Amino acid sequence: MPAEATIRIAILADFPWSALDGSATGRGGGQGCTWLPQLAESFARFPEFDIHWIRLDRKNGKRETVRKFGQTFHRLPAVSMSADLAAGNWPTRFILRRQMRQLKPDIVHAWGTELIYPAALRDFRGPTILSMQGVLTEYQRIGGLPNDWRWRKMVAREPEMIRSATVVTSESEWGISKVQEIDPNANCHLVEYGVHPRFYEIPWKPDPKNPYALYVGGCGTRKGFDVLLDALARVQDRNWELRLAGDDSMNEEIITRGLPGVRCLGLLSWEAMQTELQGAWVSILPTRGDTSPNSVKEARVIGLPVITTKHGGQAGYIHDGVNGRIVDPLDTVNLAVAMEDVMSSIQRVRELGAGRHREDREYLRPERTADGFAAIYRHLSNLPSQTPR
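Only a predicted model underlies this, so the values are computations on that prediction, with no experimental measurement involved.

(A) A look at the nonpolar core. Counting 58 residues, the largest nonpolar core has Leu12, Phe43 and Trp53 as the members making the most contacts within it. The biggest single contributor to this core is helix 15 (residues 366-381), with six residues. In this view, phenylalanine 43 contacts Ile11, Ile51, Trp53, Gln71, Ala370, Phe373 and Tyr377; residues no more than four positions away in its chain are not counted. Membership of the second largest hydrophobic core comes to 56 residues, among which are Val235, Met273, Leu304 and Ala338.

(B) Representation of the packing of helix 8 (residues 225-234) against helix 9 (residues 249-257) in the model. Their axes nearest at 12 Å, the elements helix 8 and helix 9 cross at an angle of 35 degrees. In terms of crossing hand, the pair formed by helix 8 and helix 9 is right-handed. Where helix 8 abuts helix 9, its residues Phe225, Asp226, Leu229 and Asp230 lie against Met250, Glu253, Ile254 and Arg257. Of the residues that constitute the contact of helix 8 with helix 9, the class distribution is four nonpolar, no polar and four charged.

(C) Layout of helix 12 (residues 332-342). If you check which residues of helix 12 are buried, you get Leu335, Ala336, Ala338, Met339 and Val342. Seen along its axis, helix 12 keeps its buried residues to an arc of 160 degrees; they face one direction. Buried residues in helix 12 make contact with helix 8, strand 12 (282-284), strand 13 (306-308), strand 14 (324-326) and helix 13 (346-354). Regarding helix 12, its N-cap is aspartate 331, as a side-chain oxygen of that residue lies 3.3 Å from the backbone nitrogen of valine 333 further along.

Here is what the cut-offs are and how they apply
Going along each chain's sequence as written, the residues are numbered from 1 onward. Where local features are concerned, this predicted model is filtered to residues with pLDDT of at least 70; where side-chain atom pairs are given and counted, the filter is 80 or more; whole-chain, interface and lining totals use all residues. The side-chain figures draw on all heavy atoms in the structure; neither hydrogens nor water molecules are used. Residues enter a nonpolar core if they are buried and are Ala, Val, Leu, Ile, Met, Phe, Trp, Tyr or Cys, with the set joined through side-chain atoms within 4.5 Å. The rule is simple: take the accessible area with a 1.4 Å probe, protein chains only, and divide by the maximum for that residue type; under 20% is buried, over 50% is exposed, in between is partly exposed. Segments assigned H or I by DSSP are reported as helices when at least four residues long, segments assigned E as strands when at least two residues long, and all are numbered from the N terminus. In what follows, a contact means two residues having at least one pair of non-hydrogen atoms within 4.5 Å. Geometry is summarised by axes, namely lines fitted to C-alpha atoms with helices restricted to the contacting stretch, and by angles between N-to-C directions that run from 0 to 180 degrees. Crossings are classed by handedness, with left-handed meaning an anticlockwise turn of the near helix from the far one by less than a right angle and right-handed meaning a clockwise turn. When residues are grouped by polarity, Ala, Val, Leu, Ile, Met, Phe, Trp, Tyr, Cys and Pro land in nonpolar, Asp, Glu, Lys and Arg in charged, and all others, Gly among them, in polar. Note that the arc is defined by the directions from the helix axis to the C-beta atoms. The definition of a polar contact used here is a pair of N or O atoms within 3.5 Å, where within protein one atom must be able to donate a hydrogen and the other to accept one, and adjacent residues in sequence count solely through side-chain atom pairs.

In structure tokens, the structure reads:
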């Protein structure tokens, strides 16, 4: 442990490994958990913590250790997700228990009930943190998960994972409310997961002569893709384009419906995503359930207004008629009206984009995420508060 460190923390998460050499390219590059690299960078401000990130490698079976940002990153070979679920998470628990015996952490912090890491919390005799990414029980309730045995097993084990944690964090009050529906006794803390600094450097330049709206997601019902296409069909004689960033299955749906003025972009790298956001008039996400979607955060950091719903953490900072539109209740007619309102003129777009822009940028800074977790670490370890450098 470094001489200045006073507490050792093991963070169990699917950290994007390519972020360690600067080649991480966002969701379109096959990277999940895109909020973690900026969190690691911000943790470098806290030398009193000796942080060890632990990622399970379920594909390449490669063991590797890297030192970066004043922290240590471990990649460990592991069995496939299917094999792990079929075996009741015992392979993951065995691997992580062995690693914990070597590290001897003071706190264990696991991310994501959909990623099995929290299964290891029950084996640690010390304070633990579970950070929610999605709330699977709620996603299943609204029909937002595939009808697959693996997802059913993960949903079934989510309550146990929540109960095993000393502290549960979520990035929104919406997420906390869903966790407490599962376990009313859960000790929940709100810690918003911030946006990568690269998005703060992008100037918003909506082109008055090239109006387009941007949807980032997939064709599943949880994100409201079906409602979006139904609403689009109701907007007659529109002079703007809808661009879709996500998997190729969306293109098949557009072809089937025969909708004009829609362009499918496929999976985008961060650079390509930033370019699309920079020129877009609005970001649209008619979600039926989201803890706090990255696409909305990135849009607001750059300056786009957002059309969304009250069904998610984004409703905590998207205010109807101020920095976007809240579609409530979520239906085809209301969404069509909201789209026609925002896309009515470049003046309307700029007015909504400017609303609370400074406040949104401040709220979504990754430094605030690190500060929030640092406060929890200190509380759990009874360390006195220190000012980060």
